[in-house]
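# Commentary on secondary and tertiary structure
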Amino acid sequence: MNKRQNMLDKYSARVYKNRKEHLIELEKAESADTISANTRAIPGVMTARGCCYAGCKGVVVGPLKDVCVITHGPIGCGFYSWGTRRNKAKLDNNSDGKNFIPYCFSTDMQESDIVFGGEKKLEKAIDEAMEIFKPTTIMICSTCPIGLIGDDVQAVARRAEEKYGIRAIGYSCEGYKGVSQSAGHHIANNGLMRYIIGTGDKEPETKFSVNILGEYNIGGDGWEEARILKRCGIEVVSIFTGDGSVEALSNSHLAQLNLVMCHRSINYIAEMMKTKYGIDWMKVNFIGVGATCQSLRDIAEYFNDPELKKRVDDVITDELNTISEDIAYYKSKLTGKTAGIFSGGSRSHHYQVLLEDFGVHTVIAGYEFAHRDDYEGREVIPSIKEDADNKNIEQLTVEPDETLFRESNYEGKVTIDDYEGMFHEMSKGDIVVDDYNHFETDELIKAFKPDMFFSGIKDKYSIQKAGFTSRQIHSYDYSGPYAGFNGAVNFGRDATMTLYANAWSLVTPPWKNEPMLIGKVG
């Protein structure tokens, strides 16, 4: 019996029927591999997913440094979406000297507020924010209780705009909407597209300009990517949304090309900007040495400028010379090892490529909140059936802008406006799990015994205490950046350090030798 089937057989009939389509062993046969994704997790299964609110506030709009993002709901929701992310940001001219990333804003809804309504409390919170911080933009993110009691955050936002002459945006991103944080990404994308993108008029200063979409500057990743692109002579107009600002996003429609890092969280904006402004988008990956080199060359190929191509090659050569000794050392320590990786967004795909740079093969991988196209490629989108959960999220329709739309006639060698998904870079026999849970994580580790495991904060410590090397890939265990050339060195150092200093593997828990509970049947 194979390992996948052995694990599934431990489930009840009802759970087995659901999970067998979310857990597959890749065959790469004549018929393409398929997987079930973006469906509700089974109640009672310890899923690692987040909620719709977490996707909207915690992922997409939270990293905007010059925005006062108010969580309308209990304080725990606000703290969860603020204290567990490492979206770095620094003061610059774009943010008008404001940086609200260190702060957690919440209406701290109590039981009496739930009974009598919280709109007045929200308005008071806005008054206090204006008095103390004087933001030019406020965003309001709803949590579960707000949707249940019916507070109208959009109406409160409109009143705030009239009262203070600022920009205020309300997001109805209650946690129970959709099936995961993916729904929150979509809602946030719609808001940015409707109210911010396209409202500026500052043209790029250089010949070649891009936006980086789906980069949230965890540990400084976005800064490293921008550094490399600047060396190549490519201007980064805006980053969505790590170290991002409203001003930068408002001018993003004037860039020449969109670079998509996290496909799942931002593909909606990429598609809408393509429709409204004619801006091509390209799926890139700045995680990994080889992947970064390929992405830079693809960008240069898109612009089709001989001088730019030469400069990119020169930068790549210089960067590789700088890191070659470190990469070789860490590769000597890691080659032949195996890994498991579970994350959100596109990270499970990206980090497989980086691990391969160090000679590490990923044997099990999966996403928390992906859709089928994140696994199988965008070609399957027409075949995905829309269900009630998807209909719960507004589908924003945009039309070509009469004055700003510019036709793209690109016919070069580089693939644009498409993504092949994670499957195409994996091997026959690898295990892929969608919406992984605690039980499956434990079982997969026992069955495959990977040397390293990369996942989120919810399962990191249980894996460590089982004696396996575990690193937190959502916020890098307070390290980073891991993007680009310097980031690859940081990652190799941290992976090597963790693998060869795995203290938990030296500890034998007492329950391994003797029972902790003793009883008898009367």
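Here the structure is shown first, and the text comes after it.
So, a few notes on the structure that sits alongside this text. (Residues numbered from 1 in each chain as written. Predicted model: local features only at pLDDT ≥ 70, side-chain atom pairs only at ≥ 80, totals over all residues. Heavy atoms only, no water.)

Attention now moves to the overall build of the protein chain. Looking only at helices and strands, the protein chain features 20 helices and 14 strands. Compactness check: the protein chain gives a C-alpha radius of gyration of 23 Å against a globular reference of 24 Å for 522 residues, within 12% of the reference. Classification of the 522 residues of the protein chain by burial places 57% in the buried group. Taking the contacts inside the protein chain whose residues are at least 6 apart along the sequence as the reference set, 76% of them involve residues at least 24 apart. Accessible area of the protein chain: about 23,000 Å², with a carbon and sulfur share of 51%. (Helix = DSSP H or I, 4+ residues; strand = E, 2+ residues; numbered from the N terminus. Rg over C-alpha atoms; globule rule 2.2 N^0.38 Å. Buried < 20%, exposed > 50% of the residue type's maximum accessible area, 1.4 Å probe, protein only. Contact = heavy atoms within 4.5 Å. Areas by Shrake-Rupley, 256 points an atom, 1.4 Å probe, with all protein chains shown as cover.)

Before going further, it helps to spend a moment on the nonpolar core. Within soluble globular proteins, side chains that are nonpolar generally end up buried alongside one another. Residues L229, L296, I299, Y351, Y375, V432 and F491 are the most contacted members of the largest nonpolar core, which totals 66 residues. The element contributing the most residues to this core is helix α14 (residues 306–334), with 8 residues. C56, V67, V260 and C262 belong to the second-largest nonpolar core, a separate cluster that totals 40 residues. (Core = buried A, V, L, I, M, F, W, Y, C linked by side-chain atoms within 4.5 Å.)

Below, the discussion takes up the sheet that holds strand β14 (residues 469–472). As summarised here, the arrangement of the 6 strands in space is β1-β12-β11-β10-β13-β14, forming an open sheet in which the pairing is mixed. Taken across any chain shown, the strands that pair with only one partner, and hence form the sheet edges, are β1 (23–25) and β14. Across this sheet, the average inter-strand angle for adjacent strands is 15 degrees, counted without regard to direction. Most of the contacts of helix α18 (residues 438–448) go to strand β12 (residues 431–434), to which it runs at about 175 degrees, and overall it touches β1, β10 (338–343), β11 (361–367), β12 and β13 (452–455). (Pairing = 2+ DSSP bridges. Axes fitted to C-alpha atoms, helices over the stretch in contact; angles between N-to-C directions.)

Together, W504, L506 and V507 give the surface a local cluster of nonpolar side chains, amounting to about 330 Å² of exposed area. For V507, the position within the fold is in the segment after α20 (484–500). V507 gets classed as partly exposed once you look at its relative accessible area, which sits at 47%. (Patch = residues over 30% accessible without salt bridge, like charges linked within 9 Å, V, L, I, M, F, W, Y side chains within 5 Å. Salt bridge = Lys/Arg side-chain N within 4 Å of Asp/Glu carboxyl O.)

Taken together, the side chains of E356, E379, D418, E420 and E425 make up a negatively charged region of the molecular surface. Tracing the chain through its elements places D418 in the loop between α17 (388–391) and β12. Overall, D418 belongs to the partly exposed group, its relative accessible area being 31%. (Lys, Arg positive; Asp, Glu negative; His and termini not counted. Charge placed at Lys NZ, Arg CZ, Asp CG, Glu CD.)

Across its 15 residues, helix α13 (residues 289–303) extends 22 Å between first and last C-alpha, which sits within 8% of the 21 Å expected from 1.5 Å per residue. Where α13 is concerned, the buried positions are V289, A291, T292, C293, S295, L296, I299, A300, Y302 and F303. (Expected span 1.5 Å × (residues − 1).)

On to the pairing of strand β6 (residues 209–215). The element β6 is extensively covered by neighbouring structure, given that 7 of its 7 residues are classed as buried. Strand direction decides the pairing type here: β6 and strand β7 (residues 235–241), joined by 6 bridges, are parallel. Bridged to N211 within β7 is S238. Taking the sense of rotation as the criterion, the β-α-β connection linking β6, helix α10 (residues 221–232) and β7 turns out right-handed. Inspection of the sheet shows β6 paired to strand β8 (residues 257–260) by 4 bridges, in the parallel sense. Residue pairing in the sheet places I212 in a bridge with L259 of β8. (Right-handed = clockwise from strand over helix to strand, strands pointing away.)

So, about the packing of aromatic side chains. Using the criterion set out here, one finds 21 aromatic pairs in the structure. Residues Y302 and Y410 carry aromatic rings whose centres are separated by 4.6 Å and whose planes lie at 35 degrees to one another, so their mutual orientation is tilted. With a gap of 108 residues between them, Y302 in helix α13 and Y410 in the loop between α17 and β12 connect regions that are remote in the sequence. An aromatic cluster is built from Y351, F358, F454, Y476, Y482 and F491, whose rings are joined through pairwise contacts. The ring of Y419 carries the charged tip of K283 above its face, separated from the ring centre by 5.1 Å. (Phe/Tyr/Trp six-rings, centres within 6.5 Å; stacked < 30°, edge-to-face > 60°. Lys NZ or Arg CZ within 6 Å of the ring centre and 35° of its normal.)

Right, let's talk about the packing of α10 against α14 for a bit. Between α10 and α14, the least distance of the axes is 8 Å, while the angle of their chain directions is 130 degrees. Judged by the inter-axis angle, α10 sits oblique to α14. Within the contact between the two elements, α10 uses R227, K230, R231 and C232 and α14 uses L308, R311, V312, V315, D318 and E319. Of the residues in the contact of α10 with α14, the class split is 4 nonpolar, no polar and 6 charged. (Parallel < 35°, antiparallel > 145°, perpendicular 65-115°, else oblique. Nonpolar A, V, L, I, M, F, W, Y, C, P; charged D, E, K, R; others polar.)

Bringing unusual backbone geometry into the picture now. The omega torsion of the bond from F240 to T241 falls at -5 degrees, within 30 degrees of zero and hence cis. Relative to the elements of secondary structure, T241 occurs in strand β7. Of note, the amide linkage connecting G480 to P481 takes the cis form, showing an omega dihedral of 0 degrees. Residue position: P481 is located in the loop between β14 and α20. One non-glycine residue, D477, lies in positive phi territory at about 50 degrees. Looking at where D477 falls in the secondary structure, it is placed in the loop between β14 and α20.

Sheet architecture is open: 4 strands sit in the order β3-β2-β4-β5, paired in parallel fashion. Edge strands, defined here as strands with exactly one partner in the open sheet, are β3 (105–106) and β5 (167–171). Sheet analysis places strand β2 (residues 68–72) next to strand β4 (residues 137–142), joined by 5 bridges and oriented parallel. What sits directly across from I70, in β4, is I140. Contacting β2, β4 and β5, helix α3 (residues 52–61) crosses the sheet at an angle of about 150 degrees to β4. Across the sheet, helix α8 (residues 153–164) lies against β2, β4 and β5, angled at about 175 degrees from β5, the strand it touches most.

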